[in-house]
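# Chains, contacts and geometry: an overview
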Amino acid sequence: MPPSKDEGSSESNSSLRFRDQNKSSAKGRSADETAPLLAGSSRDSRSWRRHSTNTLDLAFEAPPINFGSRYQEHQPVFHSSDESTFFDSIMEKVKSTRIAHLVDKLAVESEPGLTNAQLMLNNHDLKPVEPARRQWGPWNFVGFWVADSFNINTWMISSSMLVPAVGLSWWQSWLCVWIGYSIAACFIVLTGRIGATYHISFPVVSRSSFGIWGALWPVFNRAAMACIWYGVQAWIGGNCVKLMISAIWPSFHNLHNGIPSSGTSTRDFISFFIFWLCSLPAIWFPVHKIRHLFTAKAFVVPTAGIAFFIWAIVRAHGIGPIVHQPATAKGSHLAWGMITGIMSSIANFATLIVNDPDFARFARKPKDALWSQLFTIPIGFAVTSFIGIIVSSSSTVIFRGDPIWNPLDLLQSFLDEGSSRNRAGVFFIAAAFALAQLGTNIAANSVSAGTDMTALLPRYLNIRRGGYVCALVGLVMCPWNLLSSSNNFTTYLSAYSVFLSSIAGVMISDYYFVRRGYLEIRELYSAKKASPYYYTLGFHWRGYAAYIAGIMINIVGFVGAIGKKVPVGATYIYNLNFFCGFIVASSTYFLLCKFFPVPACSSTWMEVGDQIEEVSMAYSAEEGSEYGEVSDGQKGFKGGEAKVDLES
């Protein structure tokens, strides 16, 4: 259908039209028309009638929802004739098996009155965050990013720019960090605003651009990567624990290896398992309360980092030689070296760019997730990088050798000196780094994977269960094998993350340029074929075409990044990987939607997220599509609901 057009009048300039339904005809509606869609049971229709209104201010109001009940065998079965019967047939087959009772027991909290198809799209953790759980203010976001910036990866990020092959000076590499994370912060606030405005997570946001079922692939894509990265980050956290134990009991460093053929040692595995086990309680807490962990980390970890900074300078009697080394790169080599450094900083943030709505949806208002993130991200990450540069520079004087970029290796060198003061300092700094790894793993991996798994199987998984599944996968995948010196898997993971730019490009283009900030929240949880986000069998071909286009521009360079020989032109394109993927995907999506218009768009900027309170996702009494012919022949909502005008 063609999008709404501007006809010049003040009324037609609005992207929403309101149609009043005749009250007398509404009163005369038959009992059959307002009865809930039940199989073999009847209920008070007033409990289940979909809320509809003649004004936008009331468009999102709904009766209070009880999410405390689970789907049980004795509850009535709801269905809409406009839905596929696929999930109904599956559940009927399950009910006839011996595991039916167990399946019902495993079901998580969900709103009563949902159909089987809706139960695959909605549960308590997927629904829009109600006001009671919107507890993240601007300082919570500041604490979150200050805490996240102090991690081992950020500490070492400048090391790749100061090697002779790149040839940047320390200040040039630091400038790359500033620019890269400033750009990343802009992307963060763009995706985060969607979550902060409509209070929905990334899996729900992606349904608008990929379709209600098509969104499952990008969600699965990110969930799988989050599980793998959880194991990798937990292994690094285990190294922190190893330093802590060795600082107390030096003999632990020489512990007998009882598993020589496993690819690791008994000492390293015990340290890893202790960190993994101690991380499990943090997964238990709901996301809106886990902010306290980040607040604690924001005080403890930067304090330890600054103490490490002072300790290294005092031991070296200065800041070391790195800050005095000039750049060896000149001309185009210098330019491409800086571009590579900037893109490395952005690629380091690719996952967080996509999943920021998972946290931003808990903001009290959109502004709380704007300036706090826009300024804290570049400042926090640049300060951490600066400390890493100076400490590593000081290490060349202290130990009279090459700079030690990995802070854990540097702490081990201090520990090998054997003094009691060194052991105490190593213990406390290693403990702070362990807390840093825990916070990073929760923010970037556990919550992300849990939210994604909730969307993959919402009837039986919530964020907490998904987080524990993620932790289990991180354990059984044996991350030490992936991090072995002979394995280039970490290079693959780092390179693969840039393909998330295609997902971000489609999402941002859809929200800001195609829909102009307008989303129909209830329809994002609807499995009806007439839903504006159902597209073709639940998949949006425009979104997938743009997503693939964004991947194709980088695919040859990606092959080169993992060790294959490719044309030099592909390498140059890949050096701009995130920008290339994002620009190609977003522009392709916009053009496709321009030539093949999508429904539920606004002709002017129109965000209506502030109207969201408690939204009921249960279908209205009438069966079939929620769209129908209204009195003037235009397409709109039945029952007087506000709806974007699809034809003019």
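Across its full length, the protein chain holds 25 helices and four strands. Burial analysis of the protein chain (648 residues in total) assigns 57% to the buried set. Sequence-distant contacts in the protein chain: of pairs separated by 6 or more residues, those separated by 24 or more amount to 84%. Element-wise, carbon and sulfur atoms account for 64% of the exposed surface of the protein chain, whose accessible area totals about 26700 Å².

Right, let's talk about the packing of aromatic side chains for a bit. On inspection of all chains with the given rule, the structure shows 47 aromatic pairs. With centroids separated by 6.5 Å and ring planes inclined at 45°, the aromatic side chains of Phe187 and Phe579 adopt a geometry described as tilted. Of this pair, Phe187 sits in helix H8 (residues 170-198) while Phe579 sits in helix H25 (residues 577-595), and the two are 392 residues apart along the sequence. Of the residues examined, Phe187 reaches a relative accessible area of 8% and is grouped as buried. Above the face of the Tyr525 ring, Arg207 is positioned so that its terminal group lies 5.5 Å from the ring centre. Stacked on the ring of Trp284, the Lys or Arg Arg464 has its end atom at 3.8 Å from the ring centre.

Quick look at the packing of helix H18 (residues 420-456) against helix H19 (residues 463-476) now. Close contact between H18 and H19 brings their axes to 7 Å; oriented N to C, the two are set at 120°. In terms of orientation, H18 and H19 fall into the oblique class. The handedness of the crossing between H18 and H19 is right-handed. When H18 is examined against H19, the residues Asn445, Ser446, Ala449, Gly450, Thr451, Met453 and Thr454 are found in contact with a partner set consisting of Ile463, Gly466, Gly467, Val469 and Cys470. Looking at the contact of H18 with H19, its residues break down into five nonpolar, seven polar and no charged.

Bringing the side chain of Gln233 into the picture now. Along the polypeptide, Gln233 turns up in helix H10 (residues 216-248). Classification of Gln233 as buried rests on a relative accessible area of 13%. Gln233 has contacts with Phe275, Gln437, Asn441 and Asn445, leaving out every residue within four places of it along the chain.

Moving on, we get to unusual backbone geometry. Despite not being glycine, His317 shows a phi value in the positive range, around 55°. Accessibility expressed as a relative area gives 76% for His317, which makes it exposed. In this model, Ala600 sits at a positive phi of 60°, which is unusual for a non-glycine residue. Relative to the helices and strands, Ala600 resides in the loop between H25 and strand E2 (627-629). Judged by relative accessible area, Ala600 falls into the buried class, the value being 0%.

Below, the discussion takes up helix H6 (residues 138-149). The end-to-end C-alpha distance of H6, which contains twelve residues, comes to 17 Å, matching closely the 16 Å that a straight helix rising 1.5 Å per residue would cover. With nine of twelve residues buried, H6 is to be regarded as a mostly interior element. Inspection of H6 places Asn140, Phe141, Val142, Gly143, Phe144, Trp145, Ala147, Asp148 and Ser149 among the buried residues, and these make up the whole buried set.

Residues Trp171, Leu175, Trp178, Ile179, Trp371, Phe375, Ile379 and Val383 make up a contiguous nonpolar surface patch of roughly 750 Å² in combined accessible area. Secondary-structure assignment places Val383 in helix H16 (residues 371-398).

This part covers the pattern of salt bridges. Here the structure, examined in full by the defined rule, presents ten salt bridges. Taking the shortest distance from any N to any O, the salt bridge between Lys127 and Glu130 comes out at 2.7 Å. Take Glu130: its relative accessible area is 9%, and that puts it in the buried class. We note a salt bridge from Arg515 to Asp510, for which the minimum N-O separation is 3.0 Å. One salt-bridge network, held together by shared partners, links Lys127, Glu130 and Arg133.

The next thing to look at is the confidence of the model for the protein chain. Of the residues in the protein chain, 81% reach a pLDDT of 70 or more, and the chain-wide mean stands at 81. Per-element averaging of pLDDT across the protein chain places E2 at the bottom with 34 and helix H9 (residues 202-210) at the top with 96. The low-confidence segment residues 67-74, where pLDDT is below 50, has 26 contacts with residues more than four positions distant or belonging to other chains.

Before going further, it helps to examine H8. Here H8 contains 29 residues, and its C-alpha end-to-end distance of 42 Å stays within 8% of the 42 Å for a straight helix at 1.5 Å per residue. At Gly192, H8 is deflected by roughly 30°, the largest bend along its length. Within two residues after H8, His199 carries a phi angle of roughly 60°, on the positive side.

A word on the nonpolar core. With 167 residues, the main nonpolar core has Ile200, Phe294, Phe308, Phe349, Leu411 and Ile442 as its most contacted residues. The biggest single contributor to this core is H18, with 15 residues. With near-sequence residues (within four places) excluded, Ile200 lies in contact with Pro128, Gly195, Val205, Pro357, Arg361, Leu519, Ile521, Leu524 and Tyr525.

On to the packing of H9 against H10. Between two packed helices, what matters for the description is the angle formed by their axes and the separation of those axes. One can describe the packing of H9 onto H10 by two numbers: an axis separation of 9 Å at closest approach and a directional angle of 140°. Across the interface between the two elements, Phe202, Pro203, Ser206 and Phe210 from H9 touch Pro218, Val219 and Arg222 from H10. Looking at the contact of H9 with H10, its residues break down into five nonpolar, one polar and one charged.

The next point concerns the environment of Asn462. Along the polypeptide, Asn462 turns up in the loop between H18 and H19. Between the C-alpha atoms of Asn462 and Ala107, which are 355 residues apart in sequence, the distance is 9.5 Å. At 2.8 Å, the side chain of Asn462 and the backbone nitrogen of Arg465 are in polar contact.

The next thing to look at is the side chain of Ser149. Its place among the elements puts Ser149 in helix H6. Here Ser149 falls in the buried class, since its relative accessible area comes to 0%. For Ser149, the side chain forms a polar contact with the main-chain oxygen of Val146, separated by 2.8 Å.

Take Trp178: it is sitting in helix H8. Judged by its relative accessible area of 31%, Trp178 falls in the partly exposed class. Between the alpha carbons of Trp178 and Ile342 there is a distance of 8.3 Å; along the sequence they are 164 residues apart. Filtering out sequence-adjacent residues up to four positions away, Trp178 remains in contact with Pro378, Ile379 and Ala382.

Take the environment of Leu293 next. The topology assignment puts Leu293 in helix H12 (residues 291-316). The class of Leu293 is buried, set by a relative accessible area of 19%. Each C-alpha atom of the pair Leu293 and Ile442 lies 9.6 Å from the other, and the pair is 149 residues apart in sequence. Not counting chain neighbours up to four residues away, the residues in contact with Leu293 comprise Leu435, Leu438 and Ile442.

Reading the values: the criteria
- Residues numbered from 1 in each chain as written.
- Predicted model: local features only at pLDDT ≥ 70, side-chain atom pairs only at ≥ 80, totals over all residues.
- Heavy atoms only, no water.
- Helix = DSSP H or I, 4+ residues; strand = E, 2+ residues; numbered from the N terminus.
- Buried < 20%, exposed > 50% of the residue type's maximum accessible area, 1.4 Å probe, protein only.
- Contact = heavy atoms within 4.5 Å.
- Areas by Shrake-Rupley, 256 points an atom, 1.4 Å probe, with all protein chains shown as cover.
- Phe/Tyr/Trp six-rings, centres within 6.5 Å; stacked < 30°, edge-to-face > 60°.
- Lys NZ or Arg CZ within 6 Å of the ring centre and 35° of its normal.
- Axes fitted to C-alpha atoms, helices over the stretch in contact; angles between N-to-C directions.
- Parallel < 35°, antiparallel > 145°, perpendicular 65-115°, else oblique.
- Left-handed = near helix turned anticlockwise from the far one by under 90°.
- Nonpolar A, V, L, I, M, F, W, Y, C, P; charged D, E, K, R; others polar.
- Expected span 1.5 Å × (residues − 1).
- Patch = residues over 30% accessible without salt bridge, like charges linked within 9 Å, V, L, I, M, F, W, Y side chains within 5 Å.
- Salt bridge = Lys/Arg side-chain N within 4 Å of Asp/Glu carboxyl O.
- pLDDT = per-residue confidence, 0-100.
- Bend = angle between axes of the 7 residues up to and from the residue.
- Core = buried A, V, L, I, M, F, W, Y, C linked by side-chain atoms within 4.5 Å.
- Polar contact = N/O pair within 3.5 Å; in protein donor to acceptor, adjacent residues only side chain to side chain.

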